[in-house]
Amino acid sequence: MRKLAVLTAVAVVALAGAAFAQSAGGVRMQSSTNPDGVQIQGNTTINASGRNLNTTAIGQGNTAETAVGAIGGGTQIQGNTTINATAVDVNTTAVGQNNKAKTTVGGIGK
């Protein structure tokens, strides 16, 4: 009886160790319920500057965007990433109905 208890304890420890080794050495994946979320694994450095940036949307339903050194939504980065971006005298304008204008300098993603 004592021998059976010892064998059972050894088996439990061996199984627990095997399960731990599998989960510790496996690849871990990030997930998000937000499809526009940003997932970064590693170090990220962003050096960005801008000067005289004008962003204008005129009319109904227009979109005007300007981004300098940005990480857009829905982006997954694995590893170390460095973004060096500089923008000077940037104008982004959308005029008229349902028009869009977008300027991205040194950006990753949408």
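Look up a bit, the structure's there.
Predicted model, so just to flag it, every value in this text is computed and none were measured. (Residues numbered from 1 in each chain as written. Predicted model: local features only at pLDDT ≥ 70, side-chain atom pairs only at ≥ 80, totals over all residues. Heavy atoms only, no water.)

K.L.:
Just give me the short version of the pairing of strand 5 (residues 75-78), but keep the residues and values in it.
P.N.:
Taking every second residue as pointing to the same face, the buried face of strand 5 carries T75 and I77, while none of Q76 and Q78 on the other face is buried. Two strands pair when backbone bridges link them, and strand 1 (residues 38-41) and strand 5 are joined in this way by four bridges, in the parallel orientation. Its bridge partner lying in strand 5, V38 is registered against T75. (Buried < 20%, exposed > 50% of the residue type's maximum accessible area, 1.4 Å probe, protein only. Helix = DSSP H or I, 4+ residues; strand = E, 2+ residues; numbered from the N terminus. Pairing = 2+ DSSP bridges.)

K.L.:
Run through unusual backbone geometry, naming residues and quoting values.
P.N.:
You will see that N52, though not glycine, has its phi angle at about 55°, which is positive. Along the chain, N52 turns up in the loop between strand 2 (44-51) and strand 3 (54-58). Phi angles above zero are rare outside glycine, and N98 is one such case at about 60°. When you line up the elements, N98 lands in the loop between strand 7 (91-95) and strand 8 (100-105). We classify N98 as exposed; its relative accessible area is 58%.

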